[in-house]
Amino acid sequence: MRVVLAEDLFLLRDGLVRLLEAYDFDVVAAVGSGPELAGALAELKPDVAVVDVRLPPSFTDEGLQCALAARRATPGLPVLVLSQHVEQLYAQELLADGSGGVGYLLKDRVFDAEQFVDAVRRVAGGGTAMDPQVIAQLLARRTRDAPMARLTPREREVIELMAEGRSNAAIADRLVVTERAVAKHTSNIFAKLGLAPSDDDNRRVLAVLAYLDRG
Amino acid sequence: MRIRTALHAVARSLWLALWGLVSSVLLFTLAVCSIALIPAGVGVLTAPYALKAVRHHANQRRLYALEWSGVSIPVPYRPLPERGGIAGHVERLTALLKDRATWRDLQWLLVDMTAGFALAILPPALFLYFPWGVVLACGVWRPIVEAGGNEWFAFLHITGQTSANLAAVLGAAFAVIGVLTAPALLRAGFVLARQLLHPGHERELEQRVQRLTETREDAVDHSAAELRRIERDLHDGAQARLVAMGMSLGTVEALIEKDPARAKRLLAAARADSAEALTELRDLVRGIHPPVLAERGLGDAVRALALRMPLPVEVTVDLPGRAPEPVESAAYFAVSEILTNAVKHAGATLVRVDLHHADGMLRAVVTDDGRGGADAALGSGLRGVGRRLGAFDGVLAVSSPAGGPTLVTVEVPCAVAAPAAG
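What counts as what
- Residues numbered from 1 in each chain as written.
- Chains lettered and ligands numbered in written order.
- Predicted model: local features only at pLDDT ≥ 70, side-chain atom pairs only at ≥ 80, totals over all residues.
- Helix = DSSP H or I, 4+ residues; strand = E, 2+ residues; numbered from the N terminus.
- Buried ≥ 20, exposed ≤ 12 C-beta atoms within 10 Å, placed from the backbone.
- Contact = placed C-beta atoms within 7 Å.
- Pairing = 2+ DSSP bridges.
- Axes fitted to C-alpha atoms, helices over the stretch in contact; angles between N-to-C directions.

Things to note about the overall build of chain A
Counting secondary structure elements, chain A contains eleven helices and six strands. Within chain A, the proportion of its 215 residues that are buried is 42%. Contacts in chain A between residues far apart in sequence, at least 24 positions, make up 62% of those at least 6 positions apart.

Structural notes on unusual backbone geometry
It is generally the case that most residues other than glycine have a negative phi and that most peptide bonds are trans. Look at the link from P56(A) to P57(A): it is a cis peptide, with omega at 5°. Mapped onto the secondary structure, P57(A) falls in the loop between β3 (48-52) and α3 (62-73). Backbone geometry at K45(A) places phi at a positive 45°, although glycine is not the residue there. Even without glycine at this site, D393(B) takes up a positive phi of about 65°. Checked against the element boundaries, D393(B) lands in the loop between α12 (380-390) and β6 (395-399).

Details of the sheet that holds β3(A)
All names here are of chain A. Here six strands make up an open sheet; going across it, the order is β2-β1-β3-β4-β5-β6 and the pairing parallel. What marks the edges here is a single partner per strand, and that holds for β2 (26-31) and β6 (128-130). Between one strand axis and the next, the sheet turns by 20° as a mean value, whatever way the strands run. Note that strand β4 (residues 79-83) and strand β5 (residues 102-106) share five bridges and pair parallel. Across the sheet, residue V81 finds its bridge partner in β5, namely Y104. In the packing of helix α1 (residues 10-22) onto the sheet, the strands contacted are β1 (2-6), β2 and β3, and the crossing angle to β2 comes to about 170°.

Here's the deal with the sheet that holds strand β3 (residues 313-318) of chain B
Sheet strands line up and pair through hydrogen bonds in the backbone, either parallel or antiparallel. Residue and element names in this part refer to chain B. Spatially, the five strands line up as an open sheet ordered β3-β4-β5-β7-β6, and their pairing is mixed. Unpaired on one side and paired on the other, β3 and β6 mark the two borders of the sheet. If you compare each strand with its neighbour and ignore which way they point, the axes differ by 10° on average. As judged from the five bridges shared by β6 and strand β7 (residues 406-413), these two strands associate in the antiparallel manner. Among the inter-strand pairings, V395 is bridged to a residue of β7, identified as E411.

Rendered as structure tokens:
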């Protein structure tokens, strides 16, 4: 799988390259600035891009802007955005086109190599990978919401993991239950929130995220 | 519309002429008599009241000047001592007599009851020529002339119907002139008042120096407190976590061959410590300078802040570009504190934030539908915000009647730079 990586801190970039290569990714370009990233994305058309929000020369949200521009040029281009902080505002912008293939994670998540690589694969496959902190913020805003209040504690756990972008199998694994049980929880959640059921994992995740973000 | 404002100006001039004359004469007499009677003792009792009444009258005129003609007359008075009892009374009297503004007020009263009155009475007098002319033309000239009266309508000698008709026409012309010139004359009266009520240059500088001294002290205090807080947070937080991590890693080094299982557990603990340290550093950074503010500027930073609030916050932003960084930061923390207050104390269900830049002023208006009763003088949070804004000549105004709604306005003078191309 071909990856373009953009990260301005040399140590972190180097570490990420080694991590990704250890898991058999093909890092076709590892760049350190916004313009280089834009060039690499346009030229190499990678399977997935891993991008730091803050990049030189402006040291503002150059990386995010590059990623958004690249996705406008190539709809659905998988992009995993990394940052020292997560903002719901940025998550909204990434999810706005509703086409999936986006990830938004704290840089700390790299510490857990397995999980991180899993997130990269998920995004490359058109899925989503939202940081638990983004989801926690979304859920915190919905505490007064009547349909949300009807969820059981277990269903809340499931919706959290689902919103992060995990498949039924992964959720089952995480909660140590059977996939059948998870499927039952998810259909309950969809019924309680009044969402149209869908068999497609990615579309289901996007529906949940859109629901949480509403209002 | 113009006619209506002009007619308003006529009515206001009439009010100023009549009420202004009465109160100016009365207050001047009272004040001067009181001062003259100070050696006799009676004046000591009455003078402070009389002089304060004069100030009140002058302030009333300042208000009219601003509201009716947009003429701003600064208030020059030094704050009066507030001690109670006879001693406080005497102190106040001395302060009043020493304040040059008191004597300027008295001077103004003299001018107001003469030149000020003349300016103010002109528009209504011209206007009233019209009804009088019409009344004459309608036949009132007859009894006057028949009784041997010698009526002059301005420069017209009324001798018969023709001259009375002319008087009506002339009266109409006068009324038009009166109405058209009324706004300008009203303004001229206020400008005249400003010449006398305006604080001297020296006093203005004095006020400015005092304000700068206060805000500088606040700014220094504030940054010292911030540094202490950051030091404490680092010391108790990230620093301690790094020490723990280092210790865990040291033990791992010793254990890795003897007891790999335990070494692995310790490594996991070290990783958890590093994650904790990062979380703490992140929170600390957010408190110093929020990353979105650095990356996107004030508008998006406030939008991101709104998304973090546990209740719906509507944000409208109309900023042509980015304000200087320190101003952005001060405005951001002001809005943040106000929002926190609205959530914590007001029991609001909806909050609106409106950010815009107009007339060289960055303005943030936060309204909530909570229970009201917020007071910048009582809440330490809001007071801190006000002090921090002071360093930029910014102000914080709170309007929060009991029962709500609460409206908090933050204003900071600053220029907004257009965003760089690209």
